[in-house]
Amino acid sequence: MPVSKLDSKTALIVVDLQKGIVSIPRAHSIENVVKNASDLAAAFRHHGLPVILVNVTGTAPGRTEQGLGGSAFPPDWAELTPELNQQPQDHLVTKKTWGAFTNTDLEAHLKSVGVTQVVVCGVATSIGVESTARQAHEFGFNVTLAADAMTDTSAEAHANSLERIFPRLGETGTSQEIITLVKKGA
């Protein structure tokens, strides 16, 4: 089902569109994902809606088969892509887990500015985006997912999130559909 509406106080959450991550090969064009996310951010800012930019600087502690538990990344890894045009009013969330809510001030920040709905985009669809969307849903936010402003390293993982997981968490739509709704709400 396509996105039906946006609440009057909706925030955009852009997950992990940063130097280190966008350099990893993806199933879909990262350039298109970054452009669509940047267009969303510009529309949200233009209409006075909150923009949350999320980056990741390490991994959660604990053993994994990949052996990355508790690892830190190189310093420039976390630099946001310049196309996002970070603004002083944007809220930056730095995380060390898949989801943007864990051990961050994101929930408190969103509630302090009256947000009731979030639009989530970024990379990777099945990891950072899905985890953040799951957490937002669990915290009671209405969730919308910008399907053309996300990608994954695996086309199958991306499709699984879009087809099986996201319909249970919220609504999906294209960046343009969401931007049209942002404009209608202004």
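Structure: see above.
### A word on the sheet that holds strand E4 (residues 117–123)
Consideration 1: Across the sheet, 6 strands lie side by side as E3-E2-E1-E4-E5-E6; this open sheet has parallel pairing. At either end of the open sheet lies a strand with only one pairing partner, and these are strand E3 (91–95) and strand E6 (171–173). Pairs of neighbouring strands in the sheet enclose a mean axial angle of 25°, with direction left out of account.
Consideration 2: Running over the sheet, helix H5 (residues 155–169) touches strand E5 (142–151) and E6 and is turned about 170° from E5.

### Things to note about helix H6 (residues 175–185)
Consideration 1: For H6, the full list of buried residues reads Ser175, Ile178, Ile179, Leu181 and Val182. End-on, the buried residues of H6 take up no more than an arc of 160°, which puts them together on one face. With respect to the buried face of H6, the exposed residues turned more than 90 degrees away are Lys183 and Lys184.
Consideration 2: Taken together, the buried residues of H6 touch helix H2 (30–46), E4, E5 and E6.

### A short note on the packing of helix H4 (residues 125–138) against H5
Consideration 1: Following both chains from N to C, one finds H4 and H5 inclined at 5°, their axes separated by 10 Å at the closest point. If you check the angle between H4 and H5, you find them roughly parallel. Contacts between H4 and H5 involve Thr125, Ser126, Val129, Glu130, Ala133, Arg134 and His137 from the first element and Ala157, His158, Ser161, Ile165, Phe166, Arg168 and Leu169 from the second.
Consideration 2: Classifying every residue of the contact of H4 with H5 by side-chain character gives 6 nonpolar, 5 polar and 3 charged.

### Description of the pairing of E3
Walk down a regular strand and you will see the side chains alternate between the two sheet faces.
Consideration 1: Alternating residues of E3 divide into His91, Val93 and Lys95, all buried, and Leu92 and Thr94, none buried.
Consideration 2: As paired elements, strand E2 (residues 51–56) and E3 share 5 bridges and run parallel to each other. Bridge pairing in E3 places Asn55 opposite Thr94.

### A word on the nonpolar core
Consideration 1: Leu12, Val14, Leu17, Leu40, Phe44, Cys121 and Ile178 are the most contacted members of the largest nonpolar core, which totals 31 residues.
Consideration 2: Put simply, the parts of the chain that give this core at least two residues each are strand E1 (10–15), helix H1 (19–22), H2, E2, E4, E5 and H6.
Consideration 3: For this core, the element with the highest residue contribution is H2, accounting for 8 residues.
Consideration 4: Judged by nonpolar contacts, the second largest core, of 23 residues, contains Ala11, Ile52, Leu110 and Phe166.

Cut-off values and rules
Residues numbered from 1 in each chain as written. Predicted model: local features only at pLDDT ≥ 70, side-chain atom pairs only at ≥ 80, totals over all residues. Heavy atoms only, no water. Pairing = 2+ DSSP bridges. Helix = DSSP H or I, 4+ residues; strand = E, 2+ residues; numbered from the N terminus. Axes fitted to C-alpha atoms, helices over the stretch in contact; angles between N-to-C directions. Contact = heavy atoms within 4.5 Å. Buried < 20%, exposed > 50% of the residue type's maximum accessible area, 1.4 Å probe, protein only. Arc of directions from axis to C-beta. Parallel < 35°, antiparallel > 145°, perpendicular 65-115°, else oblique. Nonpolar A, V, L, I, M, F, W, Y, C, P; charged D, E, K, R; others polar. Core = buried A, V, L, I, M, F, W, Y, C linked by side-chain atoms within 4.5 Å.

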